[in-house]
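# A structural walkthrough
Residue strings, one per chain:
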Amino acid sequence: MNPPAAQGLILHARMATLAGDDGYGLIEDGAIAWREGRIAWLGSTAELPRAFDALRATALDAHGALLTPGLIDAHTHLVFAGERAHEFEQRLEGIGYEAIAHAGGGILATVRATRAADEASLLTASLPRALALLADGVTTLEIKSGYALDSEGEASMLRVARRIGSELGIDVRTTLLGLHALPPEFSDQRADYVREVCTQWLPRLHAEGLVDAVDAFCEGIGFSATETRQMFGAARALGLPVKLHADQLSNLQGAALAAEFGALSADHLECTDARGVAALAAAGTVAMLLPGSFYALRETRLPPIAALRAARVPMAVATDLNPGTSPLRSLRVAMNMACTLFGLTPLEALRGVTVHAARALALTGRGRLATGLRADLVLWDAATPAELSYWIGGTLTRMVIAGGTRVA
Ligand code: NIG
Ligand code: FE
């Protein structure tokens, strides 16, 4: 027998619909009804049509609390084994992230731990991180591979990512990040590694339905623009969208490269220049801001926020949750950092984790509240939308609904 259709009704909420090209799209004293996992009606509580009377018996009275779309964390590396607290201590002693990576730490330290873990323990280690995001209002989550760096291990990581979605009842989008670091068995054979990822892993993992998009770490300590191009060419040939870790520690013209391939997003962007901003604007590529890694690495170069804003490049905000540069388990804290460190307004931060984050994952049917969209909803212990960026830490969610079903 089919499970009961996901339906419900919330009355007397202050709704930030984010409908429209700008603003919160507020509806005061609003009601929202959903059936079969989709929003069936929203508007003023006083105008709720009689057709929804049957839902009134089980309706929830929000008493004026804030209701928003479910939040979307569109850039995470949350599937991994182990932790790197020791590198945190090293950085506090003045050793840089790149120096740690050159000494065999950094990403490769997590690769060793992840390779040593079986799939079940990888899931056990990763689930609580996803749960923390969910408890904080995240109903759609992107998860990258890139800590196994061999074909079977990357497949395991992506399967664990999918499994997290089904375990928690939220939507997980997977990204293949084979070009994250050069695995030790390929040192001195860079070209062979890149070729293998492009011509063997990608088609195989794609055929297994494990890949929603392809990413690369285009950086001095990662992969060159030429290698990234090769990867993107292979992805586009399979019809897969691309995105890029671009211009984080140095300016390799990653933003322009991402734009050239019509990337969904270009992520980090601390070192992006005017040419990169113009390219993003022309391509319609989302600028994915990751203040967690900026904060944890104590970076001083800010992404070019004013230029992105002036060029009307959509700005998304994500946690970049990973064991090295951003051990950040709260998207709301990322919103706070985006405001405090990058100068976003709370409105930009909220649009950055809803409307623009949805666009960065090529998901059109969510990120806003409107009839027909997925019923991904969060009822907050807050009265105003700015509070979501204002409070730091603690729990602010009263209820989290994904696809019409309560998940927290
Ligand atoms: O987004 N830059 C590459 N990937 C991660 C860091 C991964 C790590 O240090 O483990 C990032 O910052
Ligand atoms: Fe990242």
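Keep in mind that what you see is a predicted model, and the values were worked out from it rather than measured. Residue numbers restart at each chain and count upward from 1, following the sequence in its written direction. Chain letters start at A and ligand numbers start at 1, both assigned in the order the entries are written. This being a predicted model, a pLDDT of at least 70 is required before a residue's local features are given, and a value of 80 or more before pairs of side-chain atoms are given or counted; all residues contribute to the totals for chains, interfaces and linings. To get the side-chain values, take all heavy atoms of the structure and skip hydrogens and water.

## Notes on helix α13 (residues 331-340)
Per-residue accessibility, obtained with a 1.4 Å probe over protein chains only, is compared with the maximum for each type, and a residue is labelled buried under 20%, exposed over 50%, and partly exposed between these values. Secondary structure elements follow DSSP: runs of H or I of four or more residues count as helices, runs of E of two or more count as strands, with numbering from the N terminus. Of all 10 residues in α13, nine are buried; the element is thus mostly enclosed. Three or more residues of α13 are buried, namely Leu331, Arg332, Val333, Ala334, Met335, Asn336, Met337, Ala338 and Cys339. Any N or O atom pair separated by 3.5 Å or less is treated as a polar contact, with the protein-specific requirement of one donor-capable and one acceptor-capable atom, and with residues adjacent in sequence counted only for side-chain atom pairs. Where α13 starts, the residue carrying a side-chain oxygen 3.3 Å from the main-chain nitrogen of arginine 332 turns out to be serine 330.

## Remarks on the packing of aromatic side chains
Two descriptors summarise a pair of aromatic rings, namely the distance from one centre to the other and the angle between the planes of the rings. Between the rings of Phe, Tyr and Trp (Trp by its six-membered ring), a pair exists once the centres lie within 6.5 Å; its type follows the angle of the planes, with under 30 degrees stacked, over 60 edge-to-face, and the other angles tilted. Going through the model one piece at a time under the given rule, you end up with seven aromatic pairs. Ring geometry for phenylalanine 232 against phenylalanine 261: centres 5.4 Å apart, planes inclined by 70°, an arrangement best described as edge-to-face. Taken together, the residues span a long stretch of sequence, with phenylalanine 232 in helix α8 (residues 225-237) and phenylalanine 261 in the loop between α9 (254-260) and β11 (265-268) at a distance of 29 residues. Taking the relative accessible area as the measure of exposure, phenylalanine 261 reaches 17% and is therefore buried. Among the aromatic residues, those joined into a cluster by ring pairs are Phe186, Tyr193, Trp201 and Phe223. Only when the NZ of Lys or the CZ of Arg is both within 6 Å of the ring centre and within 35 degrees of the ring normal is a charge said to sit over the ring. If you follow arginine 129 out to its NZ or CZ, it ends over the ring of phenylalanine 80, 3.5 Å from the centre.

## A look at the site of ligand 1
The immediate surroundings of ligand 1 are formed by 15 residues, with Arg84, Tyr97, Tyr147, His180 and Thr325 found nearest. Taking tyrosine 97, its side chain carries an N or O atom lying 2.5 Å from an oxygen atom of ligand 1. Between histidine 180 and ligand 1, the recorded distance is 2.8 Å, taken from a side-chain N or O atom to a nitrogen atom. In isolation ligand 1 has 320 Å² of accessible area, and contact with the protein removes 100% of it. Ten residues, namely Ala, Val, Leu, Ile, Met, Phe, Trp, Tyr, Cys and Pro, are considered nonpolar, four, namely Asp, Glu, Lys and Arg, are considered charged, and the remaining ones, Gly among them, are considered polar. Grouping the constituent residues of the shell around ligand 1 by class yields four nonpolar, nine polar and two charged. Residues are labelled near a given molecule or strand when at least one of their non-hydrogen atoms is within 4 Å of it. Note that accessible areas follow from Shrake-Rupley with a 1.4 Å probe, and for residues the cover is restricted to the protein chains shown.

## A few points about the pattern of salt bridges
Salt bridge criterion: a side-chain nitrogen from Lys or Arg within 4 Å of a carboxyl oxygen from Asp or Glu. Under the criterion given, the structure shown has 26 salt bridges. The residue aspartate 215 makes a salt bridge to lysine 144 at a minimum N-O spacing of 2.8 Å. Within this pair, whereas aspartate 215 is found in strand β9 (residues 213-216), its partner lysine 144 is found in strand β7 (residues 138-144), the two being separated by 71 residues in sequence. Given a relative accessible area of 1%, lysine 144 falls into the buried group. A salt bridge links arginine 301 to glutamate 299; the shortest N-O distance between them is 3.8 Å. In this structure, a network of salt bridges that share partners links the residues Glu119, Glu152, Arg159, Arg204 and Glu208.

## Details of the coordination of the iron ion (ligand 2)
Note that water is not among the atoms considered, so a metal site may appear incomplete; the donors listed are N, O and S atoms within 2.8 Å of the metal, with 3.2 Å applied to Na, K and Ca. Listed as protein donors to the iron ion (ligand 2) are His75 (NE2), His77 (NE2), His245 (NE2) and Asp320 (OD); their distances from the metal cover 2.1 to 2.4 Å. Mapping the donors of the iron ion (ligand 2) onto the primary sequence yields the spacing H-x1-H-x167-H-x74-D. Here histidine 75, found in the loop between β6 (71-73) and α2 (85-92), pairs with histidine 245, found in strand β10 (residues 243-246); they are 170 residues apart in sequence, far enough to count as distant. Take histidine 75 and histidine 245: they sit in the same class, and that class is buried.

## Some words on the domain arrangement of the protein chain
An automatic or database domain assignment provides the domain bounds reported here. Each domain of the protein chain was delimited in the assignment, giving domain 1 (7-69 + 369-406) and domain 2 (71-360). Distance from the C-alpha centre of domain 1 to the C-alpha centre of domain 2: 30 Å. Whether two residues are in contact is decided by their heavy atoms, any of which lying within 4.5 Å being enough. Every contact between the two is made by 28 residues of domain 1 and, on the other side, 22 residues of domain 2. There are zero salt bridges connecting domain 1 and domain 2. Linking domain 1 to domain 2 there are 11 residue pairs in polar contact (both at pLDDT 80 or more). Mapped by element, the contributors of at least two residues to the side of domain 1 that touches domain 2 are β5 (66-69), β14 (377-380), α16 (387-390) and β15 (397-402).

## Structural notes on the sheet that holds strand β8 (residues 171-179)
Whether two strands pair comes down to DSSP finding at least two bridges between them. The four strands lie next to each other as β6-β7-β8-β9, forming an open sheet whose pairing is parallel. The outermost strands of the open sheet, each flanked by one partner alone, are β6 and β9. Geometrically, the sheet is characterised by an average inter-axis angle of 20° between neighbouring strands, direction not taken into account. Bridge count between β7 and β8: five bridges; the pairing is parallel. In the sheet register, threonine 140 faces β8, and the bridge partner there is aspartate 171. A fitted line through C-alpha atoms represents every axis, and for helices the fit uses only the stretch in contact; the resulting angles, taken between N-to-C directions, go from 0 to 180 degrees. The strands touched by α8 are β8 and β9; relative to β9, the strand with the most contacts, the crossing angle is about 175°.

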